[in-house]
Amino acid sequence: MNPQAKLISTTSLLLGTSITISSNHWMTAWIGLEINTLAILPLISKTHHPRAIEASTKYFLTQATASTLLLFASMINAWFSGQWDITQLTHPMSCMLSTVAISIKLGLVPFHFWFPEVLQGSTMTTCLLLATIMKFPPITLFYLTSPSLNSTLLTSMAIASAALGGWMGLNQTQTRKVLAFSSIAHLGWMTIILNYDPNLTLITFYLYTVTTSAIFLILNTTNTLKLSTVMTTWTKIPPLTTIFMLTLLSLAGLPPLTGFLPKWLIIQELTKQELTATATAISLLSLLGLFFYLRLAYCATITLPPNFTNYMKQWQTNKPTNPLATIFTSLSIMLLPLSPMVLTIS
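What comes next is a walk through the structure. The structure presented is a predicted model; accordingly, all values stated were derived computationally and were not measured.

Turning next to the pattern of salt bridges. Taken as a whole, this structure holds two salt bridges when the rule is applied. Linking Lys 58 and Glu 54 is a salt bridge whose minimum nitrogen-to-oxygen distance equals 2.8 Å. Placement of the pair is Lys 58 and Glu 54 together in helix α3 (residues 50-81), with a separation of four residues, close to one helical turn. The partly exposed category is assigned to Lys 58, whose relative accessible area is 28%. The shortest N-O distance in the salt bridge between Lys 177 and Glu 117 comes to 3.3 Å. Here Lys 177, found in helix α9 (residues 175-192), pairs with Glu 117, found in helix α5 (residues 114-120); they are 60 residues apart in sequence, far enough to count as distant. Lys 177 gets classed as buried once you look at its relative accessible area, which sits at 18%.

This is the structure in C-alpha cells:
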C-alpha cells in the first residue's frame, strides 16, 4: 500500500474516532463514524485478494446500514423532543433503534455475522484495529446513552453474545476467527453491566484492548494464521511464546492475571444489583471461551510439530519483536495488583 495513502487512512481513522468520542451532538458523532468507516476500508482491501475485497464490501454494507439506523434514530428523537444532545435520548423508538445500530457496529449477537468474516479477510494489523480502536466510538455512544437504554434487551444480547462467542470459537482453526469470537464474547461482558455501572464497561474495554492488542502483535510477529502453525512458534521465539500463553490465559480471565479484574468486578456489581442468576449464567458461559484459550495455549507451548510434514522448520522469525508487544503483554499480565486503584476510580 502506498505510504501516503496509509498515512491518510490512519490519520482519518484517528480523526474520526476523536470526533465521535468527544461529541455531544448526534450529527457530529455520525460524521465521525462515517469518517472511520471510509478510513478503514482501504486498510481492509489493501492486499487486493478476493477475500479482502469481500471483507471490505461486507464491512461497508453493514456499517452503512448501522449508520443509517443511527441517523434515523437521532432524527426521530429530535423530532419528538427537540434535542440533538446524545445524552437526551428519550423517545422509546429512538432508544431501540440506536441500540440496534450500535450493536451492528460493535458486532453484538444477533448482528455479529459480519465480524468474523471481515477479520478473516484482513491482515493482522487491520484485525487489531477492527477489534480495538474501531469499537471505541460505538462503546462511547453506548456509555453516553446508557441511562436511556432497555436493560432487558441489553442483558439478553449480552448473554447471547457470551454464549455464541464461546460456542462458535470452539471448532475454529483460524486464529483470526478465534479472536473474532473472543471479541464477541467479551462484548457480552461489557454490555451486561452497561445499565448498572457504565464506568465498568469502559474499564473492561480498556483492559480487553490491551490484552487483545498484545495477542495480535505476537501473532503478527510470529506470522501465525492457523492453529497448525501455532505449533511451530515454540522453535522460533520460546520466551515470546511463553508470554503468549500467559496473555491468552489473561484474556480468558484467570487469576492472578489482569483479565480476571474486569470479570471479578462485573460479577461483584451484578451480585450487588441482585442479579445473581445473570452473574451465574455469564460466568458459566465464560468457561466455553476458557476452553479455546487453553487449546491455543496448549498448541503454542506444549504441542510440538510432527516430524513428517513437508515444510522446512523455521528456527527464528524474520520479524523483530514489536516494542508495543512487550508493553501490552506486561500490562495484560501484571495489572491485577492495581485493582484497589481501579475500584477507587470507578
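Let's pick the thread back up.
A cluster of nonpolar side chains, namely Leu 38, Phe 60 and Leu 61, defines an oily patch on the protein surface of about 300 Å² accessible area. One can find Leu 38 in helix α2 (residues 26-44).

Looking now at the packing of helix α1 (residues 3-21) against α2. It is at 8 Å that the axes of α1 and α2 come closest, and there the two elements cross at 155 degrees. The angle between α1 and α2 places the two elements in the roughly antiparallel class. In terms of crossing hand, the pair formed by α1 and α2 is left-handed. Across the interface between the two elements, Lys 6, Ser 9, Ser 12, Leu 13, Gly 16, Thr 17, Ile 19 and Thr 20 of α1 pack against Thr 28, Ala 29, Gly 32, Leu 33, Ile 35, Asn 36, Ala 39, Ile 40, Pro 42 and Leu 43 of α2.

Definitions and limits used
- Here the residue numbers are simple positions, counted from 1 along each chain's written sequence.
- In keeping with the model being predicted, local features are shown solely for residues with a pLDDT of at least 70 and side-chain atom pairs are shown and tallied solely at 80 or more, while totals for entire chains, interfaces and linings include all residues.
- Side-chain numbers here rest on the full set of heavy atoms in the structure, without hydrogens or water.
- Only one rule defines a salt bridge in this text: a Lys or Arg side-chain nitrogen within 4 Å of an Asp or Glu carboxyl oxygen.
- Strands here are runs of E lasting at least two residues and helices are runs of H or I lasting at least four, both read from the DSSP assignment and numbered beginning at the N terminus.
- Think of it in three bands: residues with accessible area under 20% of the maximum for their type are buried, residues over 50% are exposed, and the middle band is partly exposed, with areas taken using a 1.4 Å probe on protein chains only.
- Within the patch definition used here, like charges are joined within 9 Å and nonpolar side chains (Val, Leu, Ile, Met, Phe, Trp, Tyr) within 5 Å, considering only residues with over 30% relative accessible area and no salt bridge.
- Reported accessibility uses the Shrake-Rupley method at a 1.4 Å probe radius. Residues are deemed covered only where the shown protein chains occlude them.
- Lines fitted to the C-alpha atoms define the axes, with helices restricted to the stretch that makes contact. Angles between their N-to-C directions range from 0 to 180 degrees.
- Oblique is the label for every angle not falling under 35 degrees (roughly parallel), over 145 degrees (roughly antiparallel), or within 65 to 115 degrees (roughly perpendicular).
- Note on convention: the crossing is left-handed when the near helix lies turned anticlockwise from the far helix by less than a right angle, right-handed when the turn is clockwise.
- Contact definition: two residues touch when any of their heavy atoms are within 4.5 Å.

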